[in-house]
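Here is what each chain is made of, one letter per residue.
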Amino acid sequence: MPELEQALAEVAAEMTERSDRGAVATYIPQLGKVDPKKFGIAAVTNDGRLILAGNAEEPFSIQSVSKVFTLTLALGKVGDALWQRVGREPSGNPFNSIVQLEHENGIPRNPFINAGAIVVSDILLAGHQPREAIGEILRFVQFLADDDTIIIDREVAASERATGYRNFALANYMKSFGNLHHEPELALGVYFHHCAIAMSCRQLAMAGRFLANGGRNPATGHSVVSTERARRIGALMLTCGHYDGSGDFAFRVGIPGKSGVGGGILGIVPGVASLAVWSPGLNENGNSKLGSERLRSSRG
Ligand code: GLU
């Protein structure tokens, strides 16, 4: 077995045995039901090798990892004007903090905390109905992964809406500052649905290829974003991609990464490979416990 295949197979075997796996998110029942023993990992190299191990083909709720794709799409639509409505600084606060938003007059710190991602959803609405914007996001992710079977889990989306009081608070608050252009309900409809996209590690690693390859799909040569934009998205992932644990992830792992409360992490090794890891148990900052550990060790 070639070296990389063997390394990932060993990682998956070792991780499946671990007993200290963190706690699965329970804020909606659909996430609470996921088996904490799952562990999957996938790597797609820029020269086209796809390596899978463990539960790498099993779809999970990508949650906040989706914010990388919505940011990419929104930057494509409005360009740098986006930065008038969303900042680019790490938050140093929990992902759903409202206090910081008050201090900063309704301008969220960065596009990866909830408030920032809700503004990005508002930008993607652009006067359309939520279902059109949601369809566009899903098609974009399917295009990036070269996989039309990727779906949105409607039950997860409905549950996010039913329990999303804090996200409603954030959206209403930003609306009061004039930083949402549509009704909060509509922007949140888009937000809850993109968080509910279900993908496997394989699909996620495939979707991240353009970021590992200077903005271009390495298989087709097709340009998704400019090299400069790919670098900037990577910089935001590095500094803001892990909630309140972003500094620690950057310090220990040192690559751009974005995590979600479903236990997935998309990691980018620029110029080399796109990686996805999934282990549903979370650490104290809401990041996949074994997933972040694994990415750390893979960096030596
Ligand atoms: N849908 C989740 C929320 O808004 C996102 C959680 C996450 O950060 O992955 O609470």
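Residues numbered from 1 in each chain as written. Predicted model: local features only at pLDDT ≥ 70, side-chain atom pairs only at ≥ 80, totals over all residues. Heavy atoms only, no water.

Undergrad: Tell me what's going on with the pairing of strand β8 (residues 264-269), and back it up with residues and numbers.
TA: Of all 6 residues making up β8, 6 are buried, and the element is well covered by its neighbours. Residue alternation in β8 divides its side chains into two sets, G264, L266 and I268 and I265, G267 and V269, and both sets are buried. Alignment of strand β7 (residues 257-259) against β8, held across 3 bridges, turns out to be antiparallel. The residue of β8 that forms the bridge with G257 is G267. Between the antiparallel neighbours β7 and β8 lie 4 residues, among them G263 with a positive phi of about 95°. Two strands pair when backbone bridges link them, and β8 and strand β9 (residues 273-278) are joined in this way by 6 bridges, in the antiparallel orientation. Looking at the pairing, G264 lines up with W278 of β9. From the end of β8 to the start of β9, which pair antiparallel, there are 3 residues, and G271 there has a positive phi angle of about 80°. (Buried < 20%, exposed > 50% of the residue type's maximum accessible area, 1.4 Å probe, protein only. Helix = DSSP H or I, 4+ residues; strand = E, 2+ residues; numbered from the N terminus. Pairing = 2+ DSSP bridges.)

Undergrad: An account of the nonpolar core is requested, with residue identities and associated values reported.
TA: Within the largest apolar cluster, 75 residues are counted, with the highest numbers of intra-cluster contacts made by F69, L82, I118 and L204. Here L204 is in contact with F60, I62, V65, F69, M199, I265, L266, S274 and A276, once residues within four sequence places are set aside. Residues F39, A43, I265 and A273 belong to the second largest nonpolar core, which totals 19 residues. (Core = buried A, V, L, I, M, F, W, Y, C linked by side-chain atoms within 4.5 Å. Contact = heavy atoms within 4.5 Å.)

Undergrad: How would you explain the site of the ligand if you had to name every residue and give the values?
TA: Around the ligand, the surrounding shell holds 12 residues, and the nearest of these are Q63, S64, N167, Y191 and Y243. In this structure, an oxygen atom belonging to the ligand sits 2.9 Å away from a side-chain N or O atom of N167. One of the side-chain N or O atoms of Y191 is found 2.7 Å from an oxygen atom in the ligand. Here the ligand has 300 Å² of accessible area as a free molecule, and 95% of this is covered by the chains. The residue makeup of the shell around the ligand, split by class, is 6 nonpolar, 5 polar and 1 charged. (Near = heavy atom within 4 Å. Polar contact = N/O pair within 3.5 Å; in protein donor to acceptor, adjacent residues only side chain to side chain. Areas by Shrake-Rupley, 256 points an atom, 1.4 Å probe, with all protein chains shown as cover. Nonpolar A, V, L, I, M, F, W, Y, C, P; charged D, E, K, R; others polar.)

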